[in-house]
Amino acid sequence: METSNLALDSIDPKILEGIVLEIIKSNKDGLISDEVRDIAMISHGIVAYSSVTARFANLYRRGKIDYSGSRPGRSGRRQRVMVAI
């Protein structure tokens, strides 16, 4: 696990941002953070919470994603649904 984390730390944040955007684009109905993180882990081996969630704000600021409501996540707390623009 340590090697995976070291490798992940060396990935350019722009590459991570692109991966997160492609995951969000893959579902036209939108995804919540828990779902994006699950797909990132399964499809790309990205396990670090912040490696995924830190990308949402910049994607929103750059006009690449928007929010379309909310729904409960695993914890029961509501999470915003993100959709690609």
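Nothing here was measured: the structure is a model prediction, and the numbers come from that model.

A. Molecular detail of helix α3 (residues 33-44). For α3, which comprises 12 residues, the first-to-last C-alpha distance of 16 Å matches the rise-based estimate of 16 Å (1.5 Å per residue) to within 8%. All of the buried residues along α3 are S33, D34, V36 and A40. Around the axis of α3, the buried residues are gathered within 165° of arc, so they sit on the same side. More than 90 degrees from the buried face of α3, the exposed residues found are I42 and S43. Summarising the contacts, the buried residues of α3 are in contact with α2 (13-25), α4 (49-61) and β2 (78-84). Backbone geometry just downstream of α3 places G45 in the positive-phi region, at approximately 70°.

B. Broad picture of the layout of surface pockets. The calculated volume of the largest pocket comes to roughly 220 Å³. Along its surface, the largest pocket is lined by S33, D34, R37, Y49, F56, A57, Y67, Q79, R80 and M82. Sorting the residues of the lining of the largest pocket by element identifies α3, α4 and β2 as the ones contributing at least two each. Grouping the constituent residues of the lining of the largest pocket by class yields 5 nonpolar, 2 polar and 3 charged.

What counts, and where the lines are drawn
- Residues numbered from 1 in each chain as written.
- Predicted model: local features only at pLDDT ≥ 70, side-chain atom pairs only at ≥ 80, totals over all residues.
- Heavy atoms only, no water.
- Helix = DSSP H or I, 4+ residues; strand = E, 2+ residues; numbered from the N terminus.
- Expected span 1.5 Å × (residues − 1).
- Buried < 20%, exposed > 50% of the residue type's maximum accessible area, 1.4 Å probe, protein only.
- Arc of directions from axis to C-beta.
- Contact = heavy atoms within 4.5 Å.
- 1 Å grid on protein atoms, 1.4 Å probe; cavity = no way out; pocket = protein on both sides within 12 Å on 5 of 7 lines; lining within 4 Å.
- Points joined across faces, edges and corners; volume = space filled by probe spheres on them.
- Nonpolar A, V, L, I, M, F, W, Y, C, P; charged D, E, K, R; others polar.

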